[in-house]
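# Residue-level structure breakdown
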Amino acid sequence: MSQNQKMLKIMSFVELFMAVAMAAWTGMSFMFANTSPGLLLSICSLVCALLDLYLGVWGIGVANRPSRGLGIYYVGITWLAVVLSAVSVVVYVFIGGLAIPAIANLAVAAVYLYCARRVRFEELR
């Protein structure tokens with residue numbers, strides 16, 4: 001197992017942790033969402049939590065067998081997670097919510113994307 005695969009596996013476990021943290025944050029957001037912007041914040045958190053869960057599970061498999069990471073679905077979902085995390089940060093900032101969990105999720109998703117790209121490029125060589 002190469003260094004890139006080890007980093008991807010570590011980031012996959014961090015993504016799973018972020019999925020649990022974002023799910024808890026989503027639960028709190030849904031409880032206190034009494035306006036439509038609050039509901040929008042909750043939906044952004046929910047989508048980020050689901051993408052984190054998907055990437056965490058899928059990334060462990062890619063770290064073990066890098067040929068799984070060459071599929072277009074995996075590439076698309078990793079980019080989608082980063083883009084939606086960035087959108088979530090923007091929505092949180094403009095609506096006035098607490099943006100710290102969204103910013104942390106964006107940072108983790110960006111590092112995960114970097115590690116996943118390194119493993120894919122290593123497999124392509």
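Residues numbered from 1 in each chain as written. Predicted model: local features only at pLDDT ≥ 70, side-chain atom pairs only at ≥ 80, totals over all residues. Heavy atoms only, no water.

## Topic: the packing of aromatic side chains
Stated formally: Pairs were defined over the aromatic rings of Phe, Tyr and Trp, the Trp ring being its six-membered one, requiring ring centres within 6.5 Å. Orientation was assigned from the angle between planes: stacked under 30 degrees, edge-to-face over 60, tilted for the rest. Secondary structure is summarised from DSSP: a helix means a run of H or I of at least four residues, a strand means a run of E of at least two, and numbering begins at the N terminus for each.
Under the criterion given, the structure shown has 1 aromatic pair. Note on Y54 and W58: the rings are 5.9 Å apart at their centroids and 10° apart in plane angle, and the pair reads as stacked. Separated by 4 residues within a single helix, Y54 and W58 lie in helix α2 (residues 36-64), roughly one turn from each other.

## Here's the deal with the environment of D52
Convention followed: Residue exposure (1.4 Å probe, protein chains only): buried if accessible area is under 20% of the type maximum, exposed if over 50%, otherwise partly exposed. Contacts were defined at the residue level, with two residues in contact if any of their heavy atoms lie within 4.5 Å. Here a polar contact is recorded for every N or O atom pair within 3.5 Å, except that within protein the pair must consist of a potential hydrogen donor and a potential acceptor, and residues adjacent in sequence are included only if both atoms are side-chain atoms.
Relative to the helices and strands, D52 resides in helix α2. Among the residues examined, D52 registers a relative accessible area of 1% and is labelled buried. Separated by 36 residues in the primary sequence, D52 and L16 have C-alpha atoms spaced 6.3 Å apart. Setting aside its immediate chain neighbours within four residues, D52 contacts E15, M18, A19, M22 and N105. Polar contacts involving the side chain of D52 include one to the side chain of N105, which spans 3.4 Å.

## Regarding the packing of helix α3 (residues 72-95) against helix α4 (residues 100-124)
Selection rule: For helices, the axis comes from a line fit to the C-alpha atoms of the stretch in contact; other axes are also lines fit to C-alpha atoms, and the angle between any two N-to-C directions lies between 0 and 180 degrees. Every angle not falling under 35 degrees, over 145, or within 65 to 115 is termed oblique; those three ranges are roughly parallel, roughly antiparallel and roughly perpendicular. Should the near helix be turned anticlockwise from the far one by less than a right angle, the crossing is left-handed, and should it be turned clockwise, the crossing is right-handed. Note that Gly is not counted as nonpolar here; it falls among the polar residues with everything else outside the nonpolar set of Ala, Val, Leu, Ile, Met, Phe, Trp, Tyr, Cys and Pro and the charged set of Asp, Glu, Lys and Arg.
Closest axis-to-axis distance for the α3/α4 pair is 9 Å, and the angle between their directions is 160°. The orientation of α3 with respect to α4, classified from their angle, is roughly antiparallel. For the element pair α3 and α4, the recorded crossing hand is left-handed. For the pair α3 and α4, contact is made by Y74, V75, T78, W79, A81, V82, S85, A86, S88, V89 and Y92 and by A102, I103, N105, L106, A109, A110, Y112, L113, A116, R117 and R120, respectively. Looking at the contact of α3 with α4 residue by residue, the classes come out as 16 nonpolar, 4 polar and 2 charged.

## Brief notes about a nonpolar patch on the surface
Quick note on the threshold: Patch definition: residues with relative accessible area over 30% and no salt bridge; like charges joined within 9 Å; nonpolar side chains (Val, Leu, Ile, Met, Phe, Trp, Tyr) joined within 5 Å. Every accessible area reported is derived by Shrake-Rupley at a probe size of 1.4 Å, with residue values counting cover from the shown protein chains alone. Salt bridge criterion: a side-chain nitrogen from Lys or Arg within 4 Å of a carboxyl oxygen from Asp or Glu.
Taken together, the side chains of F30, L39, I43, L46, V47 and L50 present a nonpolar region at the surface, about 480 Å² in accessible area. Take the nonpolar patch: its biggest share by element is 5 residues, from α2. With respect to the helices and strands, I43 occurs in helix α2.

## Re the environment of K6
Tracing the backbone through its elements, the reader meets K6 in helix α1 (residues 3-31). We classify K6 as partly exposed; its relative accessible area is 41%. Separated by 54 residues in the primary sequence, K6 and I60 have C-alpha atoms spaced 9.5 Å apart.

## Observations regarding the nonpolar core
Short version of the rule: The term nonpolar core refers to a set of buried residues drawn from Ala, Val, Leu, Ile, Met, Phe, Trp, Tyr and Cys, joined through side-chain atoms within 4.5 Å.
Counting residues in hydrophobic clusters, the biggest one holds 14 residues, and the most contacted among them are L8, M11, L55, V62, Y74, Y112 and A116. Every element with two or more residues in this core is listed here: α1, α2, α3 and α4. Looking at which element gives the most residues to this core, the answer is α4, with 5 residues. Ignoring anything within four residues of it in the chain, the contact list for A116 reads L8 and Y74. Of all hydrophobic cores here, the second largest spans 7 residues; its members include L41, C44, V91 and A102.

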